[in-house]
Amino acid sequence: MSLGLAISTAAEMGWGVVGPQRVAGLPPQERAAYYRLSIPSRLIIVLPAACLAGTVCYFVVPELKIASAIFTFALTAQGMTPSWYFIGINRPLNVLWSESLPRIMVTTFSAILVAAGGPVVVYSILMLATVPFAQLAAARLIDDYSAPTRADWRAAPRIAKAQAVIGSGRAVSVVYTTLPVFIVGLVAPPALGLFAASERLMRTGVTVLSAIPLRLQSWIGSAPPGAKEHRIRKAQQIGALTAVVAGLGFTVFAPPVSHYLFSGKIDIPYTLSPMGGILLFTIVLSTSQGLALIARDRANDITWAIVPSAIVGVATIAPGAVAFGPKGAIAGEILAETCGLLIQFRSLRRPRARHYSRSFDGSRHTI
């Protein structure tokens, strides 16, 4: 799961970061064409990345190799998600029909089947099937949808190149966002259980809370002239408040929730939950600052924040896990996230510079 989600984040090439606000600002008649352009440019990255992820997983895991490899392939293939488009056009319920509900059904059916003695690989295969299903559902749910044309496929390398800076930033970010469980498992196996439990619960919180900034993406991107800056500041305030509530909530509720979530096998102690709360606070606050950077046409600045964060993560997560166990690994994550957050704050305080960008059609325009 850690490996598949990490490579999926990289292979998605930043469409989930900048796509919602871009599509929200487009005229309705141009939105479907924008989504159509994204399909080939993502597929040429996602498909080889999924093959790589599945192969690596096959050779790394000690058992259930086929099931694990297919599952990792399936998670990496989630980089083809249409959810960012539905968020951008302010139709979040379409995410439920195309992705969330099918996965819930697959998970429920597989749980019943495995509990009755069925093979685990069925879950992996069905999870993989949700990827093309999401594409087919999107084709039905998107107004004026049409399949990618030959011209779209020819343009795919150029479009992928246009996403290269934000995409490479997403690729680097996995070092301290989705790969820590994999890293800790390699360097400090005794610390893995408690760290993975805390990480899983915390990342679940991030996923739930992501509904807030995702909704704000469309709200900011569709702002009328003169109202955008006000909405950006309002979104930052909402993000800061959410971060405080989330951090305190994890600190207080993670220990009792973990007892039930992990069937009493692993309990997150109150000596560890405050660190998870600080990490969650930092991640949520950083997300709100990232929204502001994207809204101000500074999405590439997110990459310049990610690279130093990844360096800090590499330098601290693994050594911290070896020396101090789960606390050391989480401390490394906090340092990495804090580094990126401070750089984002600095970017937002800088005067807006006049610079140039190239659109997907190759034209040069002033931002």
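Before reading further, recall that the structure is shown in the block above.
Residues numbered from 1 in each chain as written. Predicted model: local features only at pLDDT ≥ 70, side-chain atom pairs only at ≥ 80, totals over all residues. Heavy atoms only, no water.

Draft legend 1. Summary view of the overall build of the protein chain. Looking only at helices and strands, the protein chain features 16 helices and two strands. On C-alpha atoms alone, the protein chain measures out to a radius of gyration of 20 Å, which is about the 21 Å that the 2.2 N^0.38 rule sets for 367 residues. The proportion of buried residues among the 367 residues of the protein chain is 47%. For the protein chain, contacts bridging at least 24 residues in sequence account for 75% of all contacts bridging at least 6. For the protein chain, the accessible area works out to roughly 17600 Å², and carbon and sulfur atoms hold 69% of it. Each charge sign in the protein chain was given a centre, from 31 positive and 15 negative side chains, and these centres are 5 Å apart. (Helix = DSSP H or I, 4+ residues; strand = E, 2+ residues; numbered from the N terminus. Rg over C-alpha atoms; globule rule 2.2 N^0.38 Å. Buried < 20%, exposed > 50% of the residue type's maximum accessible area, 1.4 Å probe, protein only. Contact = heavy atoms within 4.5 Å. Areas by Shrake-Rupley, 256 points an atom, 1.4 Å probe, with all protein chains shown as cover. Lys, Arg positive; Asp, Glu negative; His and termini not counted. Charge placed at Lys NZ, Arg CZ, Asp CG, Glu CD.)

Draft legend 2. Main features of the packing of aromatic side chains. Evaluation of the coordinates by the stated rule reveals nine aromatic pairs. Consider the rings of Tyr85 and Phe86, whose centres lie 6.0 Å apart with planes at 70°: the pair is edge-to-face. As far as burial versus exposure is concerned, Tyr85 and Phe86 are alike and both buried. (Phe/Tyr/Trp six-rings, centres within 6.5 Å; stacked < 30°, edge-to-face > 60°.)

Draft legend 3. Up close: helix α7 (residues 121-141). Compared with an ideal rise of 1.5 Å per residue, which puts 21 residues at 30 Å, α7 spans 30 Å between its outermost C-alpha atoms and is within 8% of the ideal. Buried residues of α7: Ser124, Met127, Thr130, Val131, Ala134, Gln135, Ala137 and Ala138, and no others. For α7, the elements touching its buried residues are α3 (28-60), α4 (65-77), α5 (83-88) and α6 (93-115). (Expected span 1.5 Å × (residues − 1).)

Draft legend 4. Representation of the environment of Pro62. Turning to its location among the elements, Pro62 is positioned in the loop between α3 and α4. Look at Pro62 and you get exposed, because its relative accessible area is 76%. Residues Pro62 and Leu261, 199 residues apart in the sequence, show an inter-C-alpha distance of 25 Å.

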